[in-house]
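# Summary of structural features
The residues making up each chain are set out below.
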Amino acid sequence: MELSLFNILDILGTMAFATSGALTAMNRKLDLFGVFIIAFVTAIGGGTLRDVLIGNTPVIWMENTIYIYLIGLFTILAIIFRKKIYYLRRSLFLFDTIGLGVFTITGVETGIRNELDPIISVALGAMTGTFGGVIRDILCNEIPVIFRREIYATACLVGGVAFVILYRYNIDHDLIYIITSLTVIVIRLVVVKYKIALPSFYLPEKTG
Amino acid sequence: MELSLFNILDILGTMAFATSGALTAMNRKLDLFGVFIIAFVTAIGGGTLRDVLIGNTPVIWMENTIYIYLIGLFTILAIIFRKKIYYLRRSLFLFDTIGLGVFTITGVETGIRNELDPIISVALGAMTGTFGGVIRDILCNEIPVIFRREIYATACLVGGVAFVILYRYNIDHDLIYIITSLTVIVIRLVVVKYKIALPSFYLPEKTG
Amino acid sequence: MELSLFNILDILGTMAFATSGALTAMNRKLDLFGVFIIAFVTAIGGGTLRDVLIGNTPVIWMENTIYIYLIGLFTILAIIFRKKIYYLRRSLFLFDTIGLGVFTITGVETGIRNELDPIISVALGAMTGTFGGVIRDILCNEIPVIFRREIYATACLVGGVAFVILYRYNIDHDLIYIITSLTVIVIRLVVVKYKIALPSFYLPEKTG
């Protein structure tokens, strides 16, 4: 595999989400292999959904063993340093955010490469960025992260839109990757730090 | 895109499920983009599963922007008219039922077009019809709609069987689409209105 | 369809998981079609995920009606004999374990046939083995079986590794299938009988 920045981002997101999955699984008191499996599913979830929707099969982690070895390595590191990571407080949040940022951009890029419409590429990016965290939370019976009012999805969408706009000007692609990934990450960090929230909508009571 | 009745049904189901997703998400007090994302996933869920299982990738909403714009539009409409929709009481139920009816039939039709066995086409139809609502409910921590004892799945199966039977006689396809979609919708409406329920099965206590 | 041992295992797993799905659905007091749908999704879940990830579409149960008829048959048998099965106590557990064992091996074999790396084939096997049970439990609001500390995932991984090791020596493939499927099943049975558990990891309190 030629190691393009696309691959590097994909790998970085894999490591970040593997760590976040391992931490969540340890919180649920899973055993060694349970921790690994949650780390694995969290790490590959977004990229797998991206590849399956676009028809790029076998999916990316099947074509190269680097993903599975890295997930194994970061699961072990997360287990060894679990107390240190804990004292770093916001670690789970941080890893989740990094994964979100870089996977969103790989999703948008995949859409554009496949000549999809820009707005559809942004939607693919948002699904790629969020899916790993969503299945991690569903499997671990956590409230899915997209509901914790942290403008999670919004960060994806803003980063994705920035990507497709920058893409129209002849800016170096690698630079676009880095700028837009950081956009997603910074938005989420700032929003959480300053407790910014978009409005939600009042409904009298349960409909239906 | 040539706008066949198949496409029209697919779009109608998309609008109905988008609305039902937006209503459910507002019930969960999600913010603007959260509401859009749930509407999106609910609306495209069934068709995406159908296309992925059959190998028709990129999936349908990626090939044409009309889906994403309609989902955006109906999310906004659902937000603006949320109180009116609320006072219409059974709105969520109604939109869910329309989506169920038309998506079931697009699933059955897709199976038959791909020369699958009729009974397999009916199964594909049932999965296409129910999947959007199931992921909406899983993501929103609602009890999945298929468990509310409303003969939800049964309506799909009856409509699907009607489709494959009518298909054998040389009846106009568009007529079949309309009859069978309405069959699913009417069965569900009647069943809920008259509180009809199929029997469930007594088990002494939890096995396993 | 030529009935190779691969197909036989796939069918055996389908029957076992259909039964486990039907039992779980009856526990949740679903009606007749609800029971069938959960049985169906549980039975085809693992194989469908396997085929979608590898790009083998339409997925296996669409190409041959034997799956859907068998699932129907075993759903009816599970309903008829539900009290007898109940008195056999560990039935749900037993059927789940058989499904786990044989589906894991079909997943590993599919990976190797598609010339994937052995470790990736093991991961594919673990996902194939566990996915049906996971969606059954998510749909039925049960705590997913992989969290019940029964070394569920571990059994898959050990069986999968045994498969790829035996595969390197020129042992008859059918023999490998049987040995490794039984390995998964026996490990899980022994582990539960003797309440063996892998260690989980202490974390001071909720991170994140």
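Residues numbered from 1 in each chain as written. Chains lettered and ligands numbered in written order. Predicted model: local features only at pLDDT ≥ 70, side-chain atom pairs only at ≥ 80, totals over all residues. Heavy atoms only, no water.

## Quick word on the overall build of chain A
Applicable threshold: We count a stretch as a helix when DSSP gives it H or I for four or more residues in a row; a strand needs E for two or more, and each element gets its number in order from the N terminus. Each residue's exposure class comes from its accessible area (1.4 Å probe, protein chains only) as a fraction of the maximum for that residue type: buried when under 20%, exposed when over 50%, partly exposed otherwise. The contact criterion used throughout is that any non-hydrogen atoms of two residues lie within 4.5 Å. The protein chains shown are the only cover counted for residues, whose accessible areas, like all others here, come from Shrake-Rupley with a 1.4 Å probe.
In terms of regular secondary structure, chain A is built from 9 helices and 0 strands. Each of the 208 residues in chain A was classed as buried or not, and the buried ones make up 62%. Long-range contacts, defined here as pairs at least 24 residues apart, represent 74% of the contacts in chain A between residues at least 6 apart. Here chain A has roughly 8,400 Å² of accessible surface; of this, 65% comes from carbon and sulfur atoms.

## Quick look at helix α4 (residues 66–80) of chain C
The test is simple: The span one expects for a helix is its residue count, reduced by one, times 1.5 Å.
In a regular helix each residue adds 1.5 Å, so 15 residues correspond to 21 Å; α4 of chain C covers 21 Å between its end C-alpha atoms and thus fits that length. Within α4 of chain C, burial applies to Tyr-67, Ile-68, Leu-70, Ile-71, Gly-72, Thr-75, Ala-78 and Ile-79 of chain C.

## Describing helix α8 (residues 152–168) of chain B
Counted at 1.5 Å a residue, the expected span for α8 of chain B with its 17 residues is 24 Å, and the 26 Å between its end C-alpha atoms agrees. Along α8 of chain B, the residues that are buried comprise Tyr-152, Ala-153, Thr-154, Ala-155, Cys-156, Leu-157, Gly-159, Gly-160, Phe-163 and Val-164 of chain B. Elements in contact with the buried residues of α8 of chain B: α1 (5–27), α6 (91–113), α7 (118–139) and α9 (173–193) of chain B together with α2 (32–54) of chain C.

## What about the UniProt feature "transmembrane region" (unreviewed entry) in chain A?
Using the following cut-off: UniProt positions are given in the numbering used here, feature names are shortened, and annotations may be inferred rather than shown by experiment.
Taking the numbering used here, the UniProt-annotated feature "transmembrane region" (unreviewed entry) corresponds to residues 6–25, 32–49, 61–81, 93–112, 118–139, 151–169 and 175–192 of chain A. Taken as a whole, residues 32–49 of chain A contains 100% helix and 0% strand, while its terminal C-alpha atoms sit 26 Å from one another.

## So, the packing of helix α6 (residues 91–113) of chain C against helix α9 (residues 173–193) of chain C
All names here are of chain C. To keep things clear, this is the line we draw: Only the stretch in contact is used when a helix axis is fitted, and all axes are lines through C-alpha atoms; the angle between N-to-C directions ranges over 0 to 180 degrees. With the far helix as reference, a near helix turned anticlockwise by less than a right angle produces a left-handed crossing, and one turned clockwise produces a right-handed crossing. Classes in brief: Ala, Val, Leu, Ile, Met, Phe, Trp, Tyr, Cys and Pro nonpolar; Asp, Glu, Lys and Arg charged; the others, Gly included, polar.
In contact at an axis separation of 9 Å, α6 and α9 are set at 140 degrees when each is read in the N-to-C sense. Where α6 crosses over α9, the handedness of that crossing is right-handed. Of the residues in α9, those touching α6 at Phe-93, Leu-94, Asp-96, Thr-97, Ile-98, Leu-100, Gly-101, Val-102, Ile-105, Glu-109 and Arg-113 are Tyr-177, Thr-180, Ser-181, Val-184, Ile-185, Arg-188, Leu-189 and Val-192. Among the residues making up the contact of α6 with α9, the classes are represented as 11 nonpolar, 4 polar and 4 charged.

## Considering a nonpolar patch on the surface
Quick note on the threshold: A patch is a set of surface residues, each over 30% in relative accessible area and not in a salt bridge, joined within 9 Å for like charges and within 5 Å for the nonpolar side chains Val, Leu, Ile, Met, Phe, Trp and Tyr. Any Lys or Arg side-chain nitrogen found within 4 Å of a carboxyl oxygen on Asp or Glu counts as a salt bridge.
The grouping of Ile-178, Leu-182, Val-186, Val-190, Tyr-194 and Ile-196 of chain A at the surface amounts to a nonpolar patch, some 540 Å² of accessible area in total. Examined against the element boundaries, Ile-178 of chain A turns out to sit in helix α9 (residues 173–193).

## Section: unusual backbone geometry
Across residues other than glycine, the phi torsion is negative in most instances, and most of the peptide bonds are trans. All names here are of chain B. Cis rather than trans, the peptide bond between Thr-57 and Pro-58 has omega equal to -10 degrees. With respect to the secondary-structure elements, Pro-58 resides in the loop between α2 (32–54) and α3 (60–63). Here the phi dihedral of Glu-115 falls at roughly 60 degrees; this positive angle occurs in a residue that is not glycine.

## Some points on the side chain of Thr-106 of chain A
Take Thr-106 of chain A: it is sitting in helix α6 (residues 91–113). Excluding its chain neighbours within four sequence positions, the residues that come into contact with Thr-106 of chain A are Phe-6, Leu-9, Asp-10, Arg-50 and Thr-128 of chain A.

## Digging into the pattern of salt bridges
Residue and element names in this part refer to chain B. Evaluation of the coordinates by the stated rule reveals 18 salt bridges over all chains. A salt bridge links Arg-136 to Asp-96, with the nearest nitrogen and oxygen atoms 2.7 Å apart. Of this pair, Arg-136 sits in helix α7 while Asp-96 sits in helix α6; the two residues are 40 residues apart in sequence, bridging distant segments of the chain. Looking at Arg-136, the relative accessible area reads 3%, which means it is buried.

## Brief notes about the packing of aromatic side chains
The description of two aromatic rings rests on the distance between their centres and on the angle between their planes. As a reminder of what qualifies: Only Phe, Tyr and Trp rings are paired, with Trp represented by its six-membered ring, and only when their centres lie within 6.5 Å; those with planes under 30 degrees apart are stacked, over 60 edge-to-face, the remainder tilted.
Applying the stated criterion across every chain yields a total of 15 aromatic pairs over all chains. Ring centres of Phe-17 of chain A and Phe-103 of chain A lie 5.6 Å apart, and the angle between their planes is 10 degrees; on these two criteria the pair is classed as stacked. Pair noted here: Phe-17 of chain A is in helix α1 (residues 5–27) and Phe-103 of chain A is in helix α6, with a separation of 86 residues, a long-range link. Ring centres of Phe-163 of chain C and Tyr-167 of chain C lie 5.7 Å apart, and the angle between their planes is 20 degrees; on these two criteria the pair is classed as stacked. Highlighted residues: Phe-163 of chain C and Tyr-167 of chain C, both in helix α8 (residues 152–168), separated by 4 residues, approximately one helical turn. The class for Phe-163 of chain C is buried, based on a relative accessible area of 0%. According to the relative accessible area criterion, Tyr-167 of chain C is partly exposed, its value standing at 27%. Members of the aromatic cluster, joined through ring pairs, are Phe-36, Phe-40 and Trp-61 of chain A.

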